[in-house]
Structures are given as structure tokens and as C-alpha cells.
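# Topology and contacts: notes
What follows is the residue order along each chain.
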Amino acid sequence: MTEELRLADRTNRLGTETAFEVLARAKSLEATGLRIVHLEIGEPDFRTAEHIVEAAVLALKEGWHHYTPSPGIPSLREAIAEHVSATRRIDVDPAEVVVTLGAKPIIFYSLLSLAQKGDDVIYPDPGFPIYESMIRFVGARPVPVKLREEKDFRMDVEELVGAAGPATRLIILNSPNNPTGSVMGQDDLRMLANSFADRNVIFLSDEIYSRILYDGAPTSIASFPGMKDRTIILDGFSKTYAMTGWRLGYGVMNRRLAQTFTKLMINSNSCTPAFTQMAAIAALRGDQAPVAKMVDTFRKRRDRVVELLNRIEGVSCRKPRGAFYVFPNVRALGKTSEEIAKLLLDEQGVAVLSGNAFGGYGEGYLRLSYAASMEELEEGVARIAEFAKQMASRQPCH
Ligand code: PLP
């Protein structure tokens, strides 16, 4: 091509997810023969349960080869409505469910449907990087609310209320949170619901980690009086059922919004693949023991990794209450998060993410995923300890 490629301006506002870039770099180092410990990936290291795989195979054999209704197969929408009604203690109608290819499109569609130039969107920082990317992409103004370590990285409701102004259209919540593992409690959510009771604001409640919770039941802003119709619940199969590669997610929202999201589905993907939707029904209606087993394994790993990290001089780590990430403070190591993440990969062969990949307030932290075997985790943290020791000896004495 000889002419200059003229991309639309909005493409310059797209961000990315560093996890995929770090994974690619780690893989290329691996190709040179280095042994890399992977603590960067945000996906369960478990196989999808056999009964779910079998349901997909059976669906293919039975002829589920064609388009489905754009918002999803009716029996799957029913199963999701039942599941969300029971877990959030609300009354969800299948017409309020839209099935998507992974849960990510729910973020995309929420921003496309509800925010534009002149609007403010509030979101957690550190937070899933796609929020800020999509807010900017649609031309709205990103308004981050800092998740503070001293508050166990829970969103401070007073700060959030203070950040909201007349231009606020959408507030994104994420509990359990990626990357910190923090969980919003009932009291905070109640206060939030009361504060916004008479304001025309929609909540996007990202609950993708709702089942990866170490104590208590899942909580949702949608459960509070008057909030259901003003909340988009995002959830899916990727994390709970170790199905990241299947691309299966959903949103629950009021009917009017569900119609708009359906139009966006028609304009983008037409529908989610039929046989994976059949597998999703098996996931929701079938044996839940593999989920409990996975969460139990994550709990043990969390406890161990937090204990080991806190033994390292210059590193301190809170105990997360959900998801499968830890977010240790590494400020005392005397380098930026990005420098530390890069050195850890290059010098120690440990792939982790820099805290600021999750927003400016993530500076001073690293994100480690403990979706790795106990042996890998112990090896990874031992390498981080070795790195911290070297850093301490390199620092000038005062
Ligand atoms: N929301 C959060 C907070 C996530 O961490 C992720 C995945 O990493 C998603 C949404 C997207 O999930 P999916 O893979 O189902 O698109």
C-alpha cells in the first residue's frame, strides 16, 4: 500500500490489556530456552468440566450448527435468569438477559449505548483496563475513583459520590475486583444505592468474579430497592467454569437496554455460537462441585502466596477476598512498577503485570495471578524474593 493509512480518530483512543503483551514476550523468552513462571494470566489453570465439554460435543452432533436468536437461545436465557435471580435475590426475566461472546462485549455495549462526548463515566482505578479504554473510545470523560490500599482496595463510597456530577451517566463497579481482589460489602452498596436513588445514573456492575469469593455470598448493587432497572449486571462463564477460550458471557439489564444490546449484537456478531450456548446451559444446570473445588484450591494458593510475599523485605501484600489475583505493594524496592515487572521477566523469568497497567493509581504495585500450580507460585515468589534481595544490595546506603 503506497497511500497513507487514515485511521479514524477514535482508534487513537483505544487502550489495551497488557496481559496479552506480557504473555507474548514471556513466550518469546521461553522459545529461547528460558524457564518462565507465568503469573500474568487472568484465567483459571483448570480444564472446563467434562460434563460441559460433553454437552458441547453432543450439541454439535445433534446439529446445533446455525444462527441462534441474537440475544441468546431462550432456554439459556431462562437458565441465566434463574441463576441471577437466585444469587442476587432479584426477579430477572429471560427478556432481560443478553448472551454475548465473553463478558467483554457487555462493557463495550454499555459504553456504546450510554455514554458519549460530554458525559462522565466513573470507574475503579486500579481497574480492568478495558473500562478506561472504552470510555475514551466513545468520547466520554473517564473519572477514576482511587482504590486505596488502606481500605483493602475497596471503592470508597464517599469518594465515589464526591466524584459524581451532573454529567455522570454511568458508574462502573467491579466486585470482586481485578486486579486487587477487593470486595464491596453490603453496607457500602446500600449507601451507594441510597446516594443515587433519585439520580439518572446507570450502574455497570462487573460481577465476572462473583463465584470466586472466599467468604460471604455475592453482593450486587442490583439487589437494593429500585436499583435493578438501573443496573447492568455483567457476568459470564470464563472465570467460574474455566471457559475463557469458549467466549461466553452475558448481561442482565432492563428490557429497553436489552433491546439496544440485542441490536448491537445483530450489528456485530449476529449471535453467540449455538453449541457453546448449549454447553452454557449444562454449566449452569449441571454439577457445581468443580466450581467449589476450584475456589477451594484458589483459597489455599491465595493464603500461601500472601504469606510468602509478606516474608519478602520491601514487599507487603493484603489478603484479597475474591478473584485470583494479589496486588502487592513494591514501592520499597525503589523502582517503578513497570521497571520491576520488566526486570522480573528479564532477569528472573517471572511474568507479572505492572500495577499501572490497571490505571495510574496502580503505580507502586504488581499484579500476580495465582491461577498457577502451588509449585509454580512458590517458585515465582522465590524468584521475586531473590530479586528483592538484589535490589536491596544495589540500593545506595544512607
Ligand atoms: N471483567 C473483568 C474484571 C475481567 O477481569 C475480565 C477478564 O479478564 C472480563 C470482564 C472479561 O471476561 P471475558 O473473558 O468473559 O470476556
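Residues numbered from 1 in each chain as written. Predicted model: local features only at pLDDT ≥ 70, side-chain atom pairs only at ≥ 80, totals over all residues. Heavy atoms only, no water.

## What about the domain arrangement of the protein chain?
What counts, and what does not: By convention here, the domain bounds are inherited from an automatic or database domain assignment. Two residues qualify as a contact provided that any one of their heavy atoms is within 4.5 Å of a heavy atom in the partner residue. The buried area of a pairing is the accessible area, by a 1.4 Å probe, that goes missing from both parts when the two are put together, added over both. For salt bridges, the criterion is a side-chain nitrogen of Lys or Arg within 4 Å of an Asp or Glu carboxyl oxygen. Contacts described as polar in this section are N or O atom pairs within 3.5 Å, which, within protein, must combine one atom able to donate a hydrogen with one able to accept it, while residues neighboring in sequence count only if both atoms come from side chains.
Each domain of the protein chain was delimited in the assignment, giving domain 1 (9-47 + 289-391) and domain 2 (52-285). Domain 1 and domain 2 are separated by 25 Å when their C-alpha centres are compared. Tallying the contact residues gives 39 residues for domain 1 and 37 residues for domain 2. Overall, the association of domain 1 and domain 2 removes approximately 3,300 Å² of surface from exposure, summing both partners, and the carbon and sulfur fraction of that is 58%. By the criterion of area lost to domain 2, the three top residues of domain 1 are R318, R321 and Y361, representing 23% of everything that side buries. If you look at where domain 1 meets domain 2, you find three salt bridges. The partner of K104 in a salt bridge is E17, with the nearest N and O atoms 2.6 Å apart. Inspection of the region where domain 1 meets domain 2 yields 23 residue pairs in polar contact (both at pLDDT 80 or more).

## A short note on the sheet that holds strand β3 (residues 120-125)
The strands that make up a sheet are held in pairs by hydrogen bonds between backbone atoms, and each pair lies either parallel or antiparallel. Going by this rule: A pair of strands is treated as paired once DSSP finds two or more bridges between them. The helix count covers DSSP runs of H or I at least four residues long, the strand count covers runs of E at least two residues long, and both are numbered beginning at the N terminus. An axis is simply a line fitted to the C-alpha atoms; with a helix, the fit covers only the stretch in contact. Between two such axes, the angle follows the N-to-C directions and lies from 0 to 180 degrees.
The mixed open sheet is built from seven strands, whose spatial order is β2-β8-β7-β6-β5-β3-β4. Every other strand in the sheet has two partners, leaving β2 (97-100) and β4 (141-146) as the edge strands with one partner each. In this sheet, adjacent strand axes meet at a mean angle of 20 degrees when their direction is disregarded. Strand direction decides the pairing type here: β2 and strand β8 (residues 249-252), joined by four bridges, are antiparallel. Among the inter-strand pairings, V98 is bridged to a residue of β8, identified as G251. The strands touched by helix α5 (residues 129-137) are β3, β4, β5 (168-174) and β6 (202-206); relative to β3, the strand with the most contacts, the crossing angle is about 165 degrees.

## Re the sheet that holds strand β9 (residues 325-326)
Judged by pairing direction, the sheet is antiparallel, and its three strands sit side by side in the order β9-β12-β11 without closing on themselves. On the outer flanks of this sheet lie β9 and β11 (353-354), each paired with one strand and no other. By the bridge criterion, two bridges tie β11 to strand β12 (residues 366-369) in an arrangement that is antiparallel. Bridge assignment links S354 to a residue of β12, and that residue is L366.

## Considering helix α3 (residues 74-88)
Filter applied, for reference: By definition here, a helix of n residues has an expected span of 1.5 Å times n minus one. Working definition: with a 1.4 Å probe on protein chains only, accessible area under 20% of the residue-type maximum means buried, over 50% means exposed, and in between means partly exposed.
Look at α3: 21 Å from first C-alpha to last across 15 residues, which is about the 21 Å you get at 1.5 Å a residue. When α3 is considered as a whole, its buried residues turn out to be L76, R77, A79, I80, A81, H83, V84, S85 and R88. Against the buried residues of α3 lie β2, β7 (231-236), β8 and α9 (274-285). Following α3 by one or two positions, R89 adopts a phi angle in the positive range, close to 55 degrees.

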